[in-house]
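# Tertiary structure, described
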Amino acid sequence: MLELAFRAGSNPAVRKGMWVRIPPAAPDPFEGFECRATPPDVTACADIRALGETYVYLLGLYLGDGCISRAPKNVWRLRIFQDQRYTNLIAACTSAMAEVGGVRVGHVQRIGCIEIGSYSKHWTCLFPQHGEGVKHERVIQLKAWQNHLVWLHPQALIRGLIQSDGCRVVNWVKRPLRDGIKKYGYIRYFFTNTSSDIRQLFVDTCALIGVECRPDGEKNISIARRHSVQLLEEFIGPKS
Ligand SMILES: [Zn+2]
């Protein structure tokens, strides 16, 4: 935006009666990002300006069913759990983790599920929501740069959250018609999380793309309206 120099405060151009270019006031969402490694090492840290949809998807998985734990030598281990039946979801999580962290990703067999995990000194820089104790007992708030990325890729966050802590169910209903009984399948989506902050994040992100949510019991969010379900079907679908 152009403004007459005398409005530009202490700019030396004021005295010369020149026009000066005033930068737009919109704050840079990536400013204020800090490397949280011990010791901090910005050269080895994540380039958050290069992050995109894959990061937002991984953020959804982490917030849904992931954790970060301490490993020796100031290294962190990011762990995300997935039902062992869902081999495609395990593959999607593995490649997202490898791409975002630039690290080797391994699998550990647990009872009924697979732990997808990898080591990096910078996982807590990428996921500053990490803290002591369980997620539902602390405040979970996204940083400005994370909100910016979610705003750019809302579907990716919803997909990550549903694929870790949600489900898609089909209710079959029988209707008697003139030519016999017909079966209809009604699809519903649920998101279940004990953290009210994470549930609110899910609802707010759904609102960004016009998906209507309803609370269903204490910890569940349900999506049942046909238009909203159709929107989710376009980018989620059955787990496999
Ligand atoms: Zn870092």
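Residues numbered from 1 in each chain as written. Predicted model: local features only at pLDDT ≥ 70, side-chain atom pairs only at ≥ 80, totals over all residues. Heavy atoms only, no water.

Further remarks concern the coordination of the zinc ion. Within the first shell, the zinc ion binds the protein through Cys35 (SG), Cys45 (SG), His122 (ND1) and Cys125 (SG), at distances of 2.1 to 2.4 Å. Around the zinc ion, the four donor atoms are arranged such that angles at the metal cover 105 to 115 degrees; this shape is classified as tetrahedral. All donor residues of the zinc ion come from one chain, and their arrangement in sequence is C-x9-C-x76-H-x2-C. A residue pair is termed long-range when its members are at least 10 positions apart, and Cys35 in the loop between strand 2 (19–21) and helix 1 (53–65) and His122 in the loop between strand 6 (113–120) and helix 3 (123–126) qualify at 87 residues. Of the two residues, Cys35 and His122, neither departs from the other in class, the shared state being buried. (Donors = N, O, S within 2.8 Å, 3.2 Å for Na, K, Ca; no water. Tetrahedral: all angles 85-135°; square planar, octahedral: opposite > 155°, others 65-115°. Helix = DSSP H or I, 4+ residues; strand = E, 2+ residues; numbered from the N terminus. Buried < 20%, exposed > 50% of the residue type's maximum accessible area, 1.4 Å probe, protein only.)

This part covers the domain arrangement of the protein. Partitioning the protein into structural domains gives domain 1 (1–29) and domain 2 (32–235). Relative to domain 2, the C-alpha centre of domain 1 lies at a distance of 43 Å. (Domains from an automatic or database assignment.)

Our next topic: the sheet that holds strand 5 (residues 106–110). If you walk across this open sheet you meet the four strands as 3-4-6-5, and the pairing is antiparallel. Each edge of the open sheet is held by one strand with a lone partner, namely strand 3 (66–71) and strand 5. Pairs of neighbouring strands in the sheet enclose a mean axial angle of 30 degrees, with direction left out of account. Two elements, strand 5 and strand 6, share five bridges in a ladder whose sense is antiparallel. (Pairing = 2+ DSSP bridges. Axes fitted to C-alpha atoms, helices over the stretch in contact; angles between N-to-C directions.)

Let's shift gears to the pattern of salt bridges. Taken as a whole, this structure holds eight salt bridges when the rule is applied. A salt bridge links Arg168 to Glu233, with the nearest nitrogen and oxygen atoms 2.8 Å apart. Placement of Arg168 in strand 7 (residues 166–177) and of Glu233 in helix 7 (residues 226–235) is noted, with a sequence separation of 65 residues between them. You can call Arg168 partly exposed: its relative accessible area is 24%. The partner of Asp216 in a salt bridge is Arg188, with the nearest N and O atoms 4.0 Å apart. Pair noted here: Asp216 is in strand 9 (residues 214–216) and Arg188 is in strand 8 (residues 180–192), with a separation of 28 residues, a long-range link. The network of salt bridges with shared partners includes Arg77, Arg79, Arg110 and Glu115. (Salt bridge = Lys/Arg side-chain N within 4 Å of Asp/Glu carboxyl O.)

Pairing of strand 7 with strand 8 involves 12 bridges; the strand directions are antiparallel. Bridge pairing in strand 8 places Arg175 opposite Lys182. Turn length for the strand 7-strand 8 hairpin, with the two strands adjacent in sequence and antiparallel, is two residues. Across four bridges, strand 8 lies against strand 10 (residues 220–223) in antiparallel orientation. Its bridge partner being in strand 10, Phe191 is matched across the sheet by Ile221.

For the rest of this paragraph, the subject is the sheet that holds strand 10. Strand order in this open sheet of four strands is 7-8-10-9, and the pairing throughout is antiparallel. Of all strands in the sheet, those bounded by a partner on one side alone are strand 7 and strand 9. Averaged over all adjacent pairs, the angle separating strand axes in this sheet is 35 degrees, with direction ignored. Each of strand 7 and strand 8 is contacted by helix 5 (residues 154–165), which is oriented at about 105 degrees to strand 8, the strand it contacts most. The strands touched by helix 6 (residues 196–208) within the sheet are strand 8 and strand 10, with strand 10 carrying the most contacts at an inclination of about 15 degrees. (Contact = heavy atoms within 4.5 Å.)

Among the nonpolar cores identified, the biggest contains 51 residues, and Tyr55, Leu58, Trp123 and Phe127 are the most heavily contacted of them. Per element, the largest residue contribution to this core is eight residues, and it comes from helix 1. (Core = buried A, V, L, I, M, F, W, Y, C linked by side-chain atoms within 4.5 Å.)

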